[in-house]
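The chain contents come next:
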Amino acid sequence: MSYFGNVDKIKYEGRTSTNPLAFKHYNPEQVILGKTMREHLRFAVAYWHSYTYNGSDPFGAGTMLRGYDKFTGMDLAKARVEANFELLNILDADYFCFHDRDIAPEGATLQETNKNLDEIVALIQSNMKATGKKLLWNTANMFTNPRFVHGAATTSNADVYAYAAAQVKKALEHGKELGGQNYVFWGGREGYESLLNTDMGLELDNLARFLHMAVDYAKEIGFDAQFLIEPKPKEPSKHQYDFDAATSLSFLQKYDLLKHFKLNIEANHATLAGHTFEHELHVSRINGALGSIDANQGDVLLGWDTDEFPTDLYSTTLAMYEILQNEGGIGRGGVNFDAKVRRQSFEPIDVVYGHIAGMDSFARGLVVAAKLLEDRALVNVIDNKYASFQSGIGADIVAGKANFKSLEAYALQNNPIVNKSGNLELVRSIVNQYLLNA
Ligand code: XUL
Ligand code: CO
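Since this is a predicted model, take the numbers as computed values, not measurements.

A.B. asks: Break down the overall build of the protein for me, with residues and values.
C.D. replies: When helices and strands are counted, the protein shows 16 helices and 14 strands. The C-alpha radius of gyration computed for the protein amounts to 24 Å, which stays within 12% of the reference 22 Å derived for 438 residues, consistent with globular compactness. Taken along its principal axes, the extent of the C-alpha atoms in the protein is 80 × 60 × 45 Å. Taking the intrachain contacts of the protein between residues at least 6 apart in sequence as the baseline, contacts between residues at least 24 apart amount to 77%.

As structure tokens, this is what we get:
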């Protein structure tokens, strides 16, 4: 059975190709700065947007036409597994990601839900063995079911807290079984609507206790995945506790969790927080916490999480510029397409086009970013701008040899102060030149 119209594996045909079912820039085995594109990018398909999303929005019903829609329950879940491995093969993508509730339906009890999950995880595992495809990360959906109305690890109801813990325990066991590279926490309902009825201190303490329990249990069962927090400022919560990278890092530091967690940075979450994608990647990187990325893009005209496939080359270039400068690059993380086709792109082939667009955009970003680094095009500009810290009083400051008295003595005799231009317009035109020519 084919769910994507018997499409052959997508191949690289180069930038002059007009074949819509070919890569123009993603050439998996091409070596850039000592690693293949495949190794740099570690592309992953998101189960939820690719197979379970039906195109509905707050004003209208689902529009997606999918060959497995004729099934329900466990039959539907099994058909989606088949669709997943078919799409991974078509895209030549090595990884996928899922929430527990994406892959198997909830039953009437937790026991039944877990039984459903176990069965699908076993099916996924046999497909992974047969195809060599890998799990980039899994996570627990603790936001869709009404029981999470007040949150999961930050709920006001201890019974829900216990349920959430049971859910994550199971997810960690499945992550281990499937050899997951990472395990993600995105706190969809971990936030608040109004402080008038919220005990924020208790909620944050409980969230930290929850994460410590997850770390302890993973250790106990020998699941050595990298734990990741995915920051997002709002939606569905009005205020989410993992607002952005800096907020998440300060939470992790306060609760002594920094050594166990890195961040999964999503482009559209960055922009919702009033930052650029590269800002969030940069904050993570300089704090040694850049773990993985959710690759998508928002719409400047809309204020919500539109999760579009990334096609903005400026953004993918600056994202790859950060990733290439990260120690070990993307490491055991990857480029996960947390992206969905538009409601009007309802044919199965649109999911393929969306991924090709995203993969080519990141591949192009990788090439341009590598060239910018190789030529030190921006590094030289920055070195020049901060040259005053290379010698004299600046070198003393950096070496920790200065104090207020020595700085005052210097300032009193240093007249006039001369600043250098930041040359921002020149810098921007250099980036454009590389985007067009690299
Ligand atoms: C929601 C979002 C999630 C996480 C995983 O905005 O990005 O899908 O990536 O829970
Ligand atoms: Co995401």
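The rest of the description comes next.
A.B. asks: Tell me what's going on with the side chain of His99, and back it up with residues and numbers.
C.D. replies: Mapped onto the secondary structure, His99 falls in strand 6 (residues 95-99). Here His99 is in contact with Trp48, Thr139, Asn141 and Phe143, once residues within four sequence places are set aside.

A.B. asks: Help me get a handle on the packing of aromatic side chains, residues and values and all.
C.D. replies: For the coordinates displayed, the defined rule picks out 20 aromatic pairs. Ring geometry for Phe23 versus Tyr26: centroids 5.2 Å apart, planes at 85 degrees, classification edge-to-face. Neither Phe23 nor Tyr26 differs from the other in exposure class; each is buried. Both rings, one in Tyr192 and one in Tyr241, keep their centres 6.2 Å apart while their planes meet at 40 degrees; by these two values the pair is tilted. Of the two residues, Tyr192 sits in strand 9 (residues 191-192) while Tyr241 sits in the loop between strand 11 (239-240) and helix 8 (245-254), which places them 49 residues apart along the sequence. Taken as a pair, Tyr192 and Tyr241 share a single burial class, namely buried. Members of the aromatic cluster, connected to one another through ring pairs, are Phe23, Tyr26, Phe43, Phe309 and Phe337. Its end group placed over the ring of Tyr163, Arg147 keeps NZ or CZ at 3.9 Å from the ring centre. Against the face of Tyr53 rests Lys340, its NZ or CZ located 5.0 Å from the ring centre.

A.B. asks: Got a sec to walk through the pattern of salt bridges? Specific residues and values, please.
C.D. replies: Here the structure, examined in full by the defined rule, presents 16 salt bridges. Residue Lys170 is joined to Glu173 by a salt bridge in which the shortest nitrogen-to-oxygen separation is 3.9 Å. Note that Lys170 and Glu173 are positioned in helix 6 (residues 158-177) at a spacing of 3 residues, about one turn of the helix. In this structure, Lys170 and Glu173 share a single accessibility class: buried. When salt bridges with common partners are traced through the structure, they connect Glu29, Arg38, Asp92 and Asp94 into a single cluster.

A.B. asks: Describe the nonpolar core, listing the residues and the values that go with them.
C.D. replies: Ranked by size, the top nonpolar core spans 127 residues in total, and within it Leu41, Tyr183, Phe185, Ile293 and Phe362 carry the most contacts. Ranked by residue count, the leading element in this core is helix 12 (residues 348-374), at 13 residues. Beyond its immediate sequence surroundings of up to four residues, Leu41 is in contact with Tyr26, Met320, Gly334, Val335, Phe362, Ala363 and Leu366.

A.B. asks: Tell me about the site of ligand 1, and please be specific about residues and values.
C.D. replies: The environment of ligand 1 is formed by Trp48, His99, Trp137, Trp186, Glu230, Lys232, Glu266, His269, Asp294, Asp305 and Asp338. Between ligand 1 and Lys232 there is a distance of 2.9 Å, counted from an oxygen atom to a side-chain nitrogen or oxygen. Contact distances for ligand 1 include 2.9 Å between an oxygen atom and a side-chain N or O atom of Asp294. Starting from 290 Å² of accessible surface for ligand 1 in isolation, the protein chains cover 93%. Tallied by class, residues from the shell around ligand 1 come to 3 nonpolar, 2 polar and 6 charged.

Calculation rules
- Residues numbered from 1 in each chain as written.
- Chains lettered and ligands numbered in written order.
- Predicted model: local features only at pLDDT ≥ 70, side-chain atom pairs only at ≥ 80, totals over all residues.
- Heavy atoms only, no water.
- Helix = DSSP H or I, 4+ residues; strand = E, 2+ residues; numbered from the N terminus.
- Rg over C-alpha atoms; globule rule 2.2 N^0.38 Å.
- Contact = heavy atoms within 4.5 Å.
- Phe/Tyr/Trp six-rings, centres within 6.5 Å; stacked < 30°, edge-to-face > 60°.
- Buried < 20%, exposed > 50% of the residue type's maximum accessible area, 1.4 Å probe, protein only.
- Lys NZ or Arg CZ within 6 Å of the ring centre and 35° of its normal.
- Salt bridge = Lys/Arg side-chain N within 4 Å of Asp/Glu carboxyl O.
- Core = buried A, V, L, I, M, F, W, Y, C linked by side-chain atoms within 4.5 Å.
- Near = heavy atom within 4 Å.
- Polar contact = N/O pair within 3.5 Å; in protein donor to acceptor, adjacent residues only side chain to side chain.
- Areas by Shrake-Rupley, 256 points an atom, 1.4 Å probe, with all protein chains shown as cover.
- Nonpolar A, V, L, I, M, F, W, Y, C, P; charged D, E, K, R; others polar.

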